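# Coordinates in review
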Amino acid sequence: MNASSRSITIIGAGLAGALLAILLSRKGWQVTVYERRGDPRIEGYESGRSINLALAERGRHALRQADAEAAVMARAVMMRGRMVHFLEGGQQLLPYGRNDSEVIWSIHRADLNLTLLELAQSAGATVHFNRRLHTVDFASGHARFIDDRDDSAHEIRFDTLVGADGAGSALRAAMDRARPLGEHTAFLDHSYKELEIPPAADGGFRIEPHALHIWPRGDYMCIALPNDEGTFTVTVFLPNTGPTSFASVRSGSQARALFERDFADALPLIPHLERDWEHHRPGLLGTLSLQHWHLGGRAVLLGDAAHAMVPFHGQGMNCAFEDCVALAAQLEARDELASAYAAFEAERKPNAAAIQAMALENYTEMRDRVDDADFLLQRALEQQLQQRHPGRFVPHYTMVTFMRIPYAVALERSQVQRQLLIEATCGHQSLDTIDWTALDQRVLAQLPILQDAP
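Residues numbered from 1 in each chain as written. Predicted model: local features only at pLDDT ≥ 70, side-chain atom pairs only at ≥ 80, totals over all residues. Heavy atoms only, no water.

## Some thoughts on the overall build of the protein chain
- What the protein chain contains, in helices and strands, is 15 helices and 20 strands.
- Over its C-alpha atoms the protein chain spans a radius of gyration of 23 Å, differing by no more than 12% from the 22 Å that the globule rule assigns to 454 residues.
- Per-residue burial over the protein chain gives 55% buried out of 454 residues.
- In the protein chain, of all internal contacts separated by at least 6 residues, the share reaching a separation of at least 24 is 70%.
- Split by element, the accessible area of the protein chain, about 19200 Å² in all, is 49% carbon and sulfur.
- Side chains of the protein chain give 44 positive and 57 negative charges; the mean places of these two sets differ by 3 Å. (Helix = DSSP H or I, 4+ residues; strand = E, 2+ residues; numbered from the N terminus. Rg over C-alpha atoms; globule rule 2.2 N^0.38 Å. Buried < 20%, exposed > 50% of the residue type's maximum accessible area, 1.4 Å probe, protein only. Contact = heavy atoms within 4.5 Å. Areas by Shrake-Rupley, 256 points an atom, 1.4 Å probe, with all protein chains shown as cover. Lys, Arg positive; Asp, Glu negative; His and termini not counted. Charge placed at Lys NZ, Arg CZ, Asp CG, Glu CD.)

Below is the structure:
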């Protein structure tokens, strides 16, 4: 992009907007960010979203590009695997990877957002708070914002807009009015509520801190992620209707009865269960897809504004951060905004669709399969094949979480590998009776060596 046109306006100062502001400011762009909320450093962090995020390699790579990794990781808590809590009692840790180089990290959304905002402003970005996008005239390059504190209007001129304003994106709505984007939202028939496990009396963790705790119960589940101050954020996922659902578990006493029956070892850890259950409304879960992500060179969408997904693979933020790196690279590589935006969409759209599909699939695995004997045998075989064929048979979770290969490639290979695992374990109770010679031949024939992103 030539020097005279390197001005960009970002809508949304959340995680993706702040990261993109850092990346572009450090490349010499004049970056202005508009955020509907007040400055969280003054007014406190306002969000209806989970305060926990799972940071994985894709997200960490993006943070490294922005020189932000060290500041973020100082507040992150390592999670080595899923700690499965069985209905009949007892626990089992299912490691995510082979060792502590293959882990994910739990991080506060607020901590991360504040860190990125500070770095964006230090890099030269200008951030305006209390500016809700109201109307956009794409042809003339004018936009109007409203300050909801006093209903005052603020008019700006812009060269181009980037929508990083989340699943409810105001910029997406404005773009759709200018040219239909082919928007489709599919809501899950499940929702969620958040609770909290407080620290122990000495300020430490009350359960194992280096794990994502999960209580799988078939059609529903409970999970808990650690925070660096000793708390856990607990999320309960239930169907919207049915015998065990948000329709049938409404009161605090009904919630206690549910926990006594299905999550008994979690109940003593959540002292404010009844109060929080009645005060926290269920959150919706959905998948948003668009046919078009940009309007020529006038505007483009990224992150949840373009491809919101359900949270069950922990990749929403990581995918959005990948978007930021990809968009910044396309803007640097091309002379025209429209060309950069089109190339960005072509690169990222199939990968967004792939991780959206895998996130939906992972919900079934988490709530219904992690304590299933067939699944555990397939997982054991997966680990054996990884050792027998390094670089060729790469577990699904490794490809998505610890590598940066395109999500679409991970999905395609995962489907091949899953079929191999299902067929190889069919009728077997242990790995001792597996036909290793035949299985090795199939792996060599169907799975070429996998190269990670540079």
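## Brief notes about helix 14 (residues 407-425)
- For helix 14, spanning 19 residues, the distance from its first C-alpha to its last is 26 Å, which sits close to the expected 27 Å at 1.5 Å a residue.
- Considered for burial, the residues of helix 14 that qualify are Tyr407, Ala410, Arg413, Ser414, Gln417, Leu420, Leu421, Ala424 and Thr425. Each buried residue of helix 14 sits inside an arc of 140 degrees when the element is viewed along its axis, so together they form one side.
- Directly after helix 14, the chain includes Gly427, whose backbone phi takes a positive value near 85 degrees. (Expected span 1.5 Å × (residues − 1). Arc of directions from axis to C-beta.)

## Topic: the packing of helix 14 against helix 15 (residues 436-446)
- Two elements in contact, helix 14 and helix 15, have axes separated by 11 Å at closest approach and are oriented at 170 degrees. By the angle between their axes, helix 14 is roughly antiparallel relative to helix 15. As helix 14 packs across helix 15, the resulting crossing turns out to be right-handed. Contact residues: Val416, Leu420, Glu423 and Ala424 in helix 14; Leu439, Arg442, Val443 and Gln446 in helix 15.
- Each residue belonging to the contact of helix 14 with helix 15 can be placed in one class, and the counts come to 5 nonpolar, 1 polar and 2 charged. (Axes fitted to C-alpha atoms, helices over the stretch in contact; angles between N-to-C directions. Parallel < 35°, antiparallel > 145°, perpendicular 65-115°, else oblique. Left-handed = near helix turned anticlockwise from the far one by under 90°. Nonpolar A, V, L, I, M, F, W, Y, C, P; charged D, E, K, R; others polar.)

## Concerning the state of the cysteines
- In total, this model carries 0 disulfides according to the counting rule given.
- You can see Cys319 has no disulfide; the closest cysteine sulfur is in Cys324, sitting 10.0 Å from it.
- The exposure class of Cys319 is buried, given its relative accessible area of 0%. (Disulfide = S-S within 2.5 Å.)

The values are spatial; any link to function lies outside them.
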